[in-house]
Structures are given as structure tokens and as C-alpha cells.
Amino acid sequence: MALFDNINLEKLKAGLSKTKNKLVDRISETFTGKAQVDEELLEEIEEILISSDIGMDTTERIIENTRRSLKEKNSRDRDTFMQTLEEELIKILGKPTDLDEEINKIKSCKPFVLLIIGINGSGKTTTIGKLSSQFKNSGYDVIVGSADTFRAAANEQLEVWANRSKVKIIQSKTGADPSSVAFDTLQAAKQDNADIVIIDTAGRLHTKKNLMEELRKINNVLSKVFLYAPNEVYLVVDGNSGQNALIQAREFSKFTHISGLIVTKLDGTAKGGILFQICDELKIPVKFIGVGEGIDDLQPFVPENYVKALFS
Ligand SMILES: Nc1nc2c(ncn2[C@@H]2O[C@H](COP(=O)(O)OP(=O)(O)OP(=O)(O)O)[C@@H](O)[C@H]2O)c(=O)[nH]1
Ligand SMILES: [Mg+2]
């Protein structure tokens, strides 16, 4: 099976239904009894975008670009407006995750090392389970390391996912130094000649300095074993956290380079608008999105699919 062959637009549509209600359906409704978009309507639509977690600055940009584009098209009718808004929303989200590029990166280093970080409960361990399964099913030899030595149940939780994905797991006792588990995992990968290593970490609040310093230490240990490691540092943020997701990204960036974001729990939230603000304001690409608790519920981030699911 090729990597992320399971991309499923229907699943994305179902997952984003609450965001669609809050965002696109409400915009559609503003047209009731009107055939054209006028300034008053535009203002109303602007309000809807802001209240859908898109944020003030990003909303202004979207509205400005839409206004300009409508002028170029010399049309203000409902269908042209909706289509133009759709185009502008896709543009704001930027480039899609290029799977060929991801595969080339993975092939360039053996083992390819991913470090997964984020605040408590954001979905790190679940996402590692989903990623492991994808990699494993695509023929890669994967080892996961449980550097969450903070919570007693953390090992067991990652172990369940490792068993489901049929990948090897390296773990240590609760209370052990997370850096040493990271070290042991890389050593095991060296010995086994594994293709991919994924390191799970304890949830840490970006406001707790000592926990954030620990991340730096884990990073240093990884690069002691392989100079190039980690290849990727993914920050996992909960889609429900709204504006907080941006704050978390900025704070974590102070302690480690973040190469990509994974936004989870986009199913069941009406706050999916936050993606537009994240993509517009942060310089970090969104790589994957979580749309459920199941093993196949992780998708590469493709702006066009995301917006199409909202407008479907
Ligand atoms: N609906 C939904 N639930 C998710 C998704 N991703 C994770 N979850 C759920 O979120 C909860 C927390 O997930 P974990 O993977 O344990 O989060 P974590 O970041 O590892 O948590 P800590 O290790 O405690 O910091 C679990 O109940 C998951 O099933 C998603 O995309 N959609
Ligand atoms: Mg966890």
C-alpha cells in the first residue's frame, strides 16, 4: 500500500461538518433573499469568518482578496462570490503536503527520526499510532520510543498502538530520564537497521520552563547518536484549542525548531476555521490532520480537499 492511500474525502467531509455549519452554511444563509453581495453583506460575512476562529487579520486578508477578485471578475452574484471565497480560502492555506517529497526525505536518512511534541492530551500518542501504521503498511520498518516516562499509563497506551500497527516499541520505567529512552530507541534502530523512528514525549505545558528545557535535552541526545537527528519535529495541537494553538506553536518554537504541525480532533469541533489562521500566520507548515480516533483517521493536509469538504 502506498503512503496515505487511505485519503478519504467523505471522512473529511463528515469530520468537518460542524465547522461547515458554523462557517459555510451561515455564509450561505446571509444570501437569503439576496442575489448579489453588497457591502453590508460583506461585513456580515466578515463577522462570520472572525467568529469561526479565523482571526481578525486573516479574515481581513481573505475579505480583501475576495473583494479584489470579484472586481476582476466583474460579478457580485451569489455563485461567483461563493466560488471566489472558496478559491481565496484555498490560497490562504498554502501548499499541500507533498507525499513524494516526504518519501524522498525518509529515504535520504536511515533511520529517519521523528520527534513528536505538544501539550497534554493534544493527541500525540494517538497520532504516532496512526503514523506508524501508515509507514508500516507502506513497507517501512518502524520503531517507536516511549519517552513519556511521566505518566504511568503512557507506556501501555503506546504499546497498544504499537501492537495494532505491528511495530517494535522501546520503553522504560515510569520516572526514567526521557532522554535515555530516546537514546535507547535510536540504538535499537541502529541495531535493527530500521527505516523510521518515532519518539513519543510527555505532554508538557508551554508555560513550564523545566519541562520545555527537557525537550532541548531530548533533541541533543538524538543528535548525539545521529548528527542529523531529529529529521522532523512535529508539534501536535488539538483543533479545539482555537487561538491557543498559535500560542503553543510560538512558545514551543522558542525551545526547539518545529518542522511541521499536526492538527488533531478536527472531527467533532466547530473550530476548524483555526487552520486558516494557523496557515496564514505561522511559518510552520501543517503536515497532517486528525479526523477521528481510528488508526486510519490521519490525513496529509491538502488545502483544496479541506476547503472542498467545507463547501460540499
Ligand atoms: N476525535 C478525535 N479524537 C482524537 C484525535 N486524536 C486524538 N484523539 C483523542 O484524544 C485523546 C488524547 O489523545 P492522546 O493521543 O492520548 O494525547 P497525548 O497528546 O498523547 O496525551 P498526553 O500523553 O497525556 O499528553 C484520546 O482520547 C484520543 O483518542 C482525533 O483526531 N479525533
Ligand atoms: Mg501521550
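Since the model is a prediction, treat every value here as computed from it, not as a measurement.

Go over the overall build of the protein chain with me, naming the residues and quoting the values.
When its secondary structure is counted, the protein chain shows 13 helices and 8 strands. Its C-alpha atoms give the protein chain principal-axis dimensions of about 65 × 40 × 30 Å. At a minimum sequence separation of 6, the contacts of the protein chain that also span at least 24 residues come to 76%.

Run through the site of ligand 1, naming residues and quoting values.
Around ligand 1, the surrounding shell holds 21 residues, and the nearest of these are Gly123, Thr125, Thr126, Gly203 and Gly290. In terms of residue count, the dominant contributor to the shell around ligand 1 is helix H7 (residues 124-137) (3 residues). Within the shell around ligand 1, the residues separate by chemical class into 2 nonpolar, 12 polar and 7 charged.

Residues and numbers for the environment of Ile117, please.
Structurally, Ile117 is set in strand E1 (residues 112-117). With 16 residues separating them along the chain, Ile117 and Ser133 place their C-alpha atoms 19 Å apart. Aside from chain neighbours lying at most four places away, what touches Ile117 is Thr201, Leu215, Val233, Leu235 and Phe252.

Describe the pairing of E1, with residues and values.
The buried fraction of E1 is high, at 6 of 6 residues. Residues Phe112, Leu114 and Ile116 point to one face of E1 and Val113, Leu115 and Ile117 to the other, with burial holding for every one of them. Pairing of E1 with strand E4 (residues 196-201), which is carried by 5 bridges, proceeds in the parallel orientation. In the strand pairing of E4, Leu114 is matched with Ile198.

I'd love a proper account of unusual backbone geometry, names of residues and values included.
In the segment running from Lys110 into Pro111, the intervening peptide bond is cis, with an omega of 0 degrees. With respect to the secondary-structure elements, Pro111 resides in the loop between helix H6 (99-108) and E1. Of note, the amide linkage connecting Ala229 to Pro230 takes the cis form, showing an omega dihedral of -5 degrees. Note that Pro230 resides in the loop between helix H10 (209-225) and strand E5 (232-238). Phi is positive for Phe4, which is not a glycine, with a value near 55 degrees. With respect to the secondary-structure elements, Phe4 resides in the segment before helix H1 (9-15). What makes Phe4 partly exposed here is the crowd of 18 C-beta atoms within 10 Å. Residue Asn74 is not a glycine yet carries a positive backbone phi of 55 degrees. Relative to the helices and strands, Asn74 is located in the loop between helix H4 (56-73) and helix H5 (78-93).

Report on the nonpolar core, specifying residues and quantitative values.
Ranked by size, the top nonpolar core spans 78 residues in total, and within it Leu115, Ile116, Val144, Val197, Ile198, Leu235 and Leu261 carry the most contacts. Residues in contact with Ile116, not counting those within four places in the same chain, are Lys124, Thr127, Ile128, Ile198, Ile199, Asp200, Thr201, Tyr234 and Val236.

Which residues make up the environment of Glu232, and what are the values?
Along the chain, the position of Glu232 falls in strand E5. In this structure Glu232 comes out as partly exposed when scored by C-beta crowding, with 19 C-beta atoms within 10 Å. Excluding residues within four positions of it along the chain, Glu232 makes contact with Leu114, Ser259 and Gly260.

Requested: an account of the pairing of E5, with residues and values cited.
In terms of burial, E5 is largely enclosed, as 6 of its 7 residues are buried. Relative to E5, E1 is paired through 4 bridges, and the arrangement is parallel. Note on E5: the bridge partner recorded for Leu114 is Glu232. Here E5 pairs with strand E6 (residues 260-264) via 5 bridges, running parallel. Bridge pairing in E6 places Leu235 opposite Leu261.

Break down the sheet that holds strand E2 (residues 142-147) for me, with residues and values.
Pairing is mixed across the open sheet formed by 8 strands, whose spatial order is E3-E2-E4-E1-E5-E6-E7-E8. Of all strands in the sheet, those bounded by a partner on one side alone are strand E3 (168-170) and strand E8 (298-300). Neighbour-to-neighbour, the strand axes of the sheet open up by a mean angle of 25 degrees, direction not taken into account. Pairing between E2 and E4: 6 bridges, direction parallel. By the bridge assignment for E4, Ala147 is matched with Thr201. Contacting E2, E3 and E4, helix H9 (residues 178-192) runs over the sheet at an angle of about 165 degrees to E2.

Cut-off values and rules
- Residues numbered from 1 in each chain as written.
- Chains lettered and ligands numbered in written order.
- Predicted model: local features only at pLDDT ≥ 70, side-chain atom pairs only at ≥ 80, totals over all residues.
- Helix = DSSP H or I, 4+ residues; strand = E, 2+ residues; numbered from the N terminus.
- Contact = placed C-beta atoms within 7 Å.
- Near = placed C-beta within 6 Å.
- Nonpolar A, V, L, I, M, F, W, Y, C, P; charged D, E, K, R; others polar.
- Buried ≥ 20, exposed ≤ 12 C-beta atoms within 10 Å, placed from the backbone.
- Pairing = 2+ DSSP bridges.
- Core = buried A, V, L, I, M, F, W, Y, C linked by C-beta atoms within 7 Å.
- Axes fitted to C-alpha atoms, helices over the stretch in contact; angles between N-to-C directions.

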